[in-house]
Structure formats: C-alpha cells, structure tokens
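Chain by chain, the residues run as shown.
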Amino acid sequence: MQRRNFIQQSSLTVIGLGVFGPLLSNNKKAGTVLSVNSKRIESRIFELAKFGVDEKGRNYRVAYTKGDIEGRAWFMDLMKKAGLDPTIDAAGNIIGKRKGKNPSLKPIGFGSHIDMVPEGGNYDGTLGSISALEIIEVLNENNIVTEHPLEVIIFGNEEGGTIGSKAMVGEITNDGLKQKSQSGLTMAEGIKAIGGNPDNIQSCIRKKGDFHAWVELHIEQGGILEREKIQIGVVEGIVGIVHWEVTVEGFANHAGATPMNMRQDALLAASKFIIAVNEVVNSVKGTQVGTVGKIAVQPGAYNVIPGKVILGLEIRDLSAQKIEMLFREIEKRAAAISADTKTKISFERQPNESKPALTDKKLQQTINASAKALGFTTKFMQSGAGHDSQHIASIAPAAMIFIPSIDGISHSPKEFSTATDMANGANLLLQTILKLDKE
Ligand code: GLV
Ligand code: MN
Ligand code: MN
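What you see is a predicted model, and the numbers here were worked out from it, not measured in a lab. Here the residue index of a chain counts from 1 through its sequence in written order. For naming, the first written chain is A and the first written ligand is 1, with later ones following in the order written. Only residues with pLDDT of at least 70 are given local features in this predicted model, and only at 80 or more are side-chain atom pairs given and counted; all residues enter the totals for whole chains, interfaces and linings. Excluding hydrogens and water, the side-chain figures rest on all heavy atoms present in the structure.

Asker: Explain the sheet that holds strand β10 (residues 344-349) to me, please; I cannot follow it from the model alone.
Answerer: What links the strands of a sheet is backbone hydrogen bonding, and the strands pair in either a parallel or an antiparallel sense. Pairing between two strands requires that DSSP report at least two bridges joining them. Put simply, DSSP marks the helices as runs of H or I at least four residues long and the strands as runs of E at least two long, and each gets a number from the N terminus on. Sheet architecture is open: four strands sit in the order β8-β9-β7-β10, paired in antiparallel fashion. Across the chains shown, the open sheet's two edge strands, defined by having one partner strand only, are β8 (289-298) and β10. Neighbouring strand axes in the sheet, compared pairwise and without regard to direction, differ in orientation by 20 degrees on average. Axis angles are defined between N-to-C directions and span 0 to 180 degrees, where every axis is a line fitted to C-alpha atoms and, for a helix, only to the segment in contact.

Right under this line is the structure:
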C-alpha cells in the first residue's frame, strides 16, 4: 500500500474505531496494524485500583503506605513478565529497561507514577504507567526491537512533591528528605520503605544527555478537552508549584466567658486569610491558581476559642516570578489581618517545590504529527497539574500527551477516562516512541 493511501485509511479507521494505530513499517508486514490492547489497559487500571483501598473503602494508595508498596510489587511483577527486569533506584523509582539494537544510543524513556493523593482517583499516573508497560508488551508480541534502548520509569511519590523525579535530576535537598510525607514518614523513611536508599540518593541522578527523549501520557485532569471534544492534548508547559505552611497564632480561651471584643481567635483570622488568598489570586489576569487545601485547628472544641491554626497554602503558575509576586501580596494582606485580629501569622516555605517547565518544541510537533496521522484532533495546552516530566525536562527533551478526563474531575475517586480515550493516548504514545526511534 502506498504511504498516502495508508495514512488516509488509517485516519478513517481511527475515526471509526478510535483505537487503531497506523501500519507499522518497522519489522511488520505491510497490511497489519500495530495497536495497543485497549481491554488489557482498562482491566489493569481496575486491577491496580484494588491496591490501596483502606478499611473505610477509601482510595488511599498514598506514597510509602502499604497500598503503594503492594501496588508497586504488583506492577514490578508485570514488568518482570514483560522481560523488563525492573530495579529500584536510590530514590525509589522503579526502572525497567529493554535493550535496543544499538546500545550506543541513549534510551527513550516513558512512564509515570502509581501513587495517589488521599482519596484519589484510579487514572492519574496509572494510565501513563500501565500504557508504558502495554507498549513494551505490544513490541514483545510483535517481535519488534527498537534501535534505541527503552526505559520504563515509575516515579516514586509523585503526589507528595514529585520526589522521585526531583531526585533523578539532583534537586532533592537534605531538608527535602527530612520533610514529612503524607504517609507520616519522612521522605527519607518513605524512600527506604519502598526499596530506595536515601543515604546514597545521588546515585540515582541522571545527567543532561542521558535520555534521547522522555514522553509521559497522562489524563488531562481538567475539563478542556472534553468540553471542546478534542481527543488529544499536546502539553506545552507545566506549572510551577510552591507550598507554604501558614501558622496563625491567637489565644485559646473560654468560648462562653470571653466577650467578642476580647478575643484573639486564630480560626477567625485564618478564615479572613483564606478569603484574602482567593482575592489576591483573582486580582490579576492569567491562569494562576492559589489554594488553601489544609487546615488544622487547635485545640478544636466547641467551647474553646481557637488558639492556633495551621494552614497549607499552595500557589501555581507557569511563571515563577508571578508566584513570588502573588505571595508578596498575600503576605501584605496577612499582616493587615494579623493587626486586625490581634493574631500572629507566619509562613514557612516548604522544601520540594517545583519549578515551571516548558516541554520540548520539537517533541510537541512529533506528538502532534503522530496524533494527526492517527486521525486524532489535538490541542496545544498547559498543564495546571504538576508532573514528573517537568523535572525530567531539565535533563532531556521531554513532552506530555493528555487525554480527556470526564467532567474534568481529578484527585477524586470520581476521576474517569474512557477505555477509548486511554487506548487513543497509548496508541499515540506508541507511535511517538516509534517515530522518535527513527531519529
Ligand atoms: C499532582 O498531581 C499535582 O498537580 O499536585
Ligand atoms: Mn499524575
Ligand atoms: Mn495527581
């Protein structure tokens, strides 16, 4: 079949069925279609979802917990069966390698993460991880050996500050390792719990030029693709993320005997602060976001005026300068609230922040062209979520492929993507890797 005919036919096929990739020239007989197994991807998403469901029935595969450890073991077992011979690096990242024909070439890396936020969803990270494995299996089943070595990477603790990928690019500090993770363990303890070695964390560092390219498939986590009825998002940039622990100190006193004008109510000040964050972030044009997503009140009783409140503040944007500018405004508002409520408000910037990153322009074009060849509609877009790819972008040409998230819901058990959209993304990842392999 001539190339032009094949592209047209493949596009029509894709529009009709949604999941088939184009014909493959490499090692494949003309006329056969190389495509991922949509059912296998979906059934593995459901299988992995069983790991980390806690006694209350909540999705709790939080990094370094029992569910994470069991889910990782299950994943590594599948990697072994696929011939990937997985190892765990010093940061707890799972790494599976597949030899290429030309060992002098640098590997093409792809993968994602399988840990989740507390009460998280079953697609965030798992889609890219399971699809990476799927690609290895499709290549195995079709006896295809790429020129470049391939490397599947499942990063450790993505949700708690992209710890594994930060470590891989040498951006973990001692303070970062001492930070408490959501599991209750410090990052260092957690890394040990998943088989890493925090005392020798530098041994996992990869340098510029160590990868030919890096590609991560992920759910969009927002509602743009679904609303615009677009099948594929080509990610142009990934936001920076900074966290602050905010402590509001008032005075705990009798809630009945203390008149309203004699109180130093830390929770009242914290409430004004939360509103101020929202106002500051909304006061300038752009796509920046700011959230207070954590709150702890002390002592926490009906009849005691709150004496202390600890808040978690997060700001995200594609511009690091804008994040700083917004924070300075928030600090000013906090000073005014503090004076008004006779409380003290202090900020502790948290380690493990993420810098904004742009993806590689040429890789974006490769993904877009591969998507078009598969007949998919595409949109160039930003990622408002953080990803391991933003760190890998500092050492390799890196890019991301998004597929629609139904109703734009993520970091929630209601997170969902269709089997067709997942297979579209995985087929695109497969074709992108094969295209990159020919470079
Ligand atoms: C990770 O999913 C994040 O954006 O926080
Ligand atoms: Mn993710
Ligand atoms: Mn996430």
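Structure's up, so let's keep going.
Asker: Please explain the side chain of Ser 412 as it appears in this structure.
Answerer: Along the chain, the position of Ser 412 falls in the loop between β13 (398-403) and α13 (419-437). In this analysis, two residues are considered to be in contact whenever any of their non-hydrogen atoms come within 4.5 Å of each other. Apart from residues lying up to four places away in sequence, Ser 412 is in contact with Glu 119, Gly 120 and Gly 121.

Asker: For this particular structure, what's the right way to read the site of ligand 1?
Answerer: Surrounding ligand 1, one finds Glu 158, Glu 159, Arg 316, Ala 385, Gly 386 and His 411. Polar contact is defined as a pair of N or O atoms within 3.5 Å, subject to the rule that within protein one atom must be able to donate a hydrogen and the other to accept it, and that residues adjacent in sequence are counted only when both atoms are side-chain atoms. At a separation of 3.1 Å, an oxygen atom of ligand 1 approaches a polar side-chain atom of Glu 159. Areas reported here follow the Shrake-Rupley algorithm with a probe of radius 1.4 Å; residue values treat only the protein chains shown as occluding. For ligand 1, whose unbound accessible area comes to 200 Å², protein coverage reaches 87%. Residues that form the shell around ligand 1 fall into these classes: one nonpolar, two polar and three charged. Nearness is defined per residue: one heavy atom within 4 Å of the molecule or strand is enough. In this classification, the charged set is Asp, Glu, Lys and Arg, the nonpolar set is Ala, Val, Leu, Ile, Met, Phe, Trp, Tyr, Cys and Pro, and all remaining amino acids, among them Gly, are polar.

Asker: I keep staring at the coordination of the manganese ion (ligand 2) and nothing clicks. Help me out?
Answerer: Ideal geometry at a metal centre: 109.5 degrees between donors when four sit tetrahedrally, and 90 or 180 degrees when six sit octahedrally. The protein atoms that coordinate the manganese ion (ligand 2) are His 113 (NE2), Asp 124 (OD) and His 218 (NE2), at distances spanning 2.0 to 2.2 Å. Donor criterion used throughout: N, O or S atom within 2.8 Å of the metal, extended to 3.2 Å for Na, K and Ca. Water excluded; incomplete-looking sites may result. Donor residues binding the manganese ion (ligand 2) come from one chain and are separated in sequence as H-x10-D-x93-H. Here the manganese ion (ligand 2) and the manganese ion (ligand 3) are spaced 3.6 Å apart, linked through Asp 124, which binds each one. One end of the pair, His 113, is in strand β3 (residues 108-113); the other, His 218, is in strand β5 (residues 213-219), with 105 residues separating them in the sequence. When sorted by exposure, His 113 lands in the same class as His 218, which is buried. Here's how the labels work: a residue is buried when its accessible area is under 20% of the maximum for its type, exposed when over 50%, partly exposed in between, all with a 1.4 Å probe on protein chains only.

Asker: Can you walk me through the pairing of β5 in this structure?
Answerer: If a strand is regular, its side chains alternate between the two faces of the sheet. Within β5, seven of the seven residues are buried, which leaves the element mostly enclosed by the surrounding structure. Where β3 meets β5, three bridges bridge the pair, whose relative direction is parallel. The partner of Gly 109 across the bridge, within β5, is Trp 214. In this structure, β5 lies alongside β13, joined through six bridges in parallel fashion. Across the sheet, the residue bridging to Leu 217 is Ile 401, located in β13.

Asker: Where do I start with unusual backbone geometry in this structure?
Answerer: Excluding glycine, a negative phi dihedral is what most residues carry, and trans is how most peptide bonds are arranged. With omega at 0 degrees, the peptide bond leading from Gln 298 into Pro 299 counts as cis. For Pro 299, the location among the structural elements is in the loop between β8 and β9 (308-317). For Asp 85, which is not glycine, the phi dihedral falls at a positive 50 degrees. The exposure class of Asp 85 is exposed, given its relative accessible area of 61%.

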